[in-house]
Amino acid sequence: MNITIIANGEFPHSVEPLSYLRKAEQVVCCDGAFEKYLRWRISLSHPLQALCDNSHIIGNQPVTIVGDGDSMSPAVWAEAEALGLHPDRIKISEQETNDLTKAVTHTILHSRQEGIPDCDIHITILGATGLREDHTLGNISLLGHYAEQYPVIEFRMVSDYGIFRPVRGRSAFDTFPGQQVSIFSLTPDTPVSVEGLRYPLAGRPLRQWWEGSLNEALGDRFTVEGGLLIVYLTPTHND
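The rules behind the values
Residues numbered from 1 in each chain as written. Predicted model: local features only at pLDDT ≥ 70, side-chain atom pairs only at ≥ 80, totals over all residues. Heavy atoms only, no water. Buried < 20%, exposed > 50% of the residue type's maximum accessible area, 1.4 Å probe, protein only. Helix = DSSP H or I, 4+ residues; strand = E, 2+ residues; numbered from the N terminus. Pairing = 2+ DSSP bridges. 1 Å grid on protein atoms, 1.4 Å probe; cavity = no way out; pocket = protein on both sides within 12 Å on 5 of 7 lines; lining within 4 Å. Points joined across faces, edges and corners; volume = space filled by probe spheres on them. Nonpolar A, V, L, I, M, F, W, Y, C, P; charged D, E, K, R; others polar. Phe/Tyr/Trp six-rings, centres within 6.5 Å; stacked < 30°, edge-to-face > 60°. Contact = heavy atoms within 4.5 Å. Core = buried A, V, L, I, M, F, W, Y, C linked by side-chain atoms within 4.5 Å. Axes fitted to C-alpha atoms, helices over the stretch in contact; angles between N-to-C directions. Parallel < 35°, antiparallel > 145°, perpendicular 65-115°, else oblique.

Caption draft 1: Up close: the pairing of strand β2 (residues 26-30). Within β2, five of the five residues are buried, leaving the element largely enclosed by the surrounding structure. Burial along β2 is two-sided: Gln-26, Val-28 and Cys-30 facing one way and Val-27 and Cys-29 facing the other are all buried. Here strand β1 (residues 2-6) runs beside β2; their pairing, made up of four bridges, is parallel. In the sheet register, Ile-3 faces β2, and the bridge partner there is Gln-26. The pairing of β2 with strand β3 (residues 63-66) spans four bridges and is parallel. The residue of β3 that forms the bridge with Cys-30 is Val-66.

Caption draft 2: Region of the structure containing the layout of surface pockets. The computed volume of the second largest pocket comes to approximately 290 Å³. Around the second largest pocket, the lining is made up of 17 residues, and of these Ala-7, Asn-8, Asn-98, His-135 and Asn-139 lie nearest the centre. Within the residue set of the lining of the second largest pocket, elements represented by two or more residues are α5 (99-113) and α6 (133-149). Of the residues belonging to the lining of the second largest pocket, the class tally is five nonpolar, eight polar and four charged.

Caption draft 3: Region of the structure containing the packing of aromatic side chains. Counted under the stated rule, the structure contains nine aromatic pairs. Geometrically, the ring pair formed by Phe-34 and Tyr-37 is tilted, given 6.4 Å between the ring centres and 40° between the ring planes. Taken as a pair, Phe-34 and Tyr-37 lie in helix α2 (residues 34-44) at a separation of three residues, close to a single helical turn. Exposure class is identical for Phe-34 and Tyr-37. Each is buried. Ring geometry for Phe-164 and Tyr-232: centres 4.8 Å apart, planes at 50°, overall tilted. Remark: Tyr-232 occurs in strand β12 (residues 221-233) and Phe-164 occurs in strand β7 (residues 163-174); sequence separation between them is 68 residues. Put simply, the rings of Phe-11, Phe-34, Tyr-37, Trp-40 and Trp-77 pair up and form one aromatic cluster.

Caption draft 4: Region of interest: helix α1 (residues 15-23). Of all the positions in α1, only Glu-16, Pro-17, Leu-18, Ser-19, Leu-21 and Arg-22 are classed as buried. Buried residues belonging to α1 abut β1, β2, α2, β5 (122-126), β6 (154-158) and β7.

Caption draft 5: Inspection of the nonpolar core at higher detail. Counting residues in each nonpolar core, the largest one holds 27 residues, and the members touching the most others are Ile-5, Leu-100, Val-104, Ile-125 and Phe-155. Elements represented by at least two residues in this core include exactly β1, β2, α5, β5, α6, β6 and β12. In this structure, Val-104 is in contact with Ile-5, Ile-125, Tyr-146, Tyr-150 and Phe-155, ignoring residues within four places of it in sequence. If you look at the next biggest cluster of nonpolar residues, it comprises 23 residues, including Ile-6, Met-72, Val-76 and Leu-126.

Caption draft 6: Molecular detail of the pairing of β12. Of all 13 residues that make up β12, eleven are buried, and the element is covered over most of its length. Where β7 and β12 come together, twelve bridges link them in antiparallel fashion. By the bridge assignment, Gly-169 is partnered in β12 with Gly-226. Relative to β12, strand β9 (residues 191-195) runs antiparallel, the two being bridged by three bridges. Residue Glu-195 lies in a different strand from β12, and its bridge partner there is Thr-223.

Caption draft 7: Representation of the packing of α1 against α2 within the structure. Closest axis-to-axis distance for the α1/α2 pair is 13 Å, and the angle between their directions is 90°. Of the possible angle classes, the one that applies to α1 and α2 is roughly perpendicular. Between α1 and α2, the residues in contact are Leu-18, Leu-21 and Arg-22 and Tyr-37, Trp-40 and Leu-44, respectively. For the contact of α1 with α2, the class distribution of residues is five nonpolar, no polar and one charged.

Listed below in structure tokens is the structure:
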């Protein structure tokens, strides 16, 4: 089950992040992000856009909005209905977690209720970076929390500039020569080993976030092993 969650940060415009949105079998918008998703859907109906756009969009993607819904004006709802969108609205009022975590939690619980095993749930998060740096840092760090809470579910956070992936233990990544890679440790006392990058690591703890950043892939694959890590890769498309 490929699910795309849209947070209320910078909505993407490039090929790679939007490809995940097009392929999504379900779209979940944090409160406030639905209008950005709606603008994107409206843009696809523009004749000039249609001529330039060779990608397929799933027209019957179910859409859910998670939040209080108070930020949506009647005009936005009218535009959505005119486009044939009738999103479900899930109101969650508790303030112990942010909107992104509310959306992630709802998405996983709903998928489980539908009988989908965790190993078949693939969650892509868009719009989680940009606009405010404090939100960006908080949202990126949440990837580690999600990886601990739901260790079998695949998570990725994608923007116009790259992809963040949380990993535990030993993992391998497909790359291309020259692709930029950064590794951030959320368990700073755990040794990290990396093979296949310009600057390899052999059992070195990454106690500061900058220590594993600004590396580069040498070939079509690299491996990393450590504790709880967040791996960043620049896009595979040049657009």
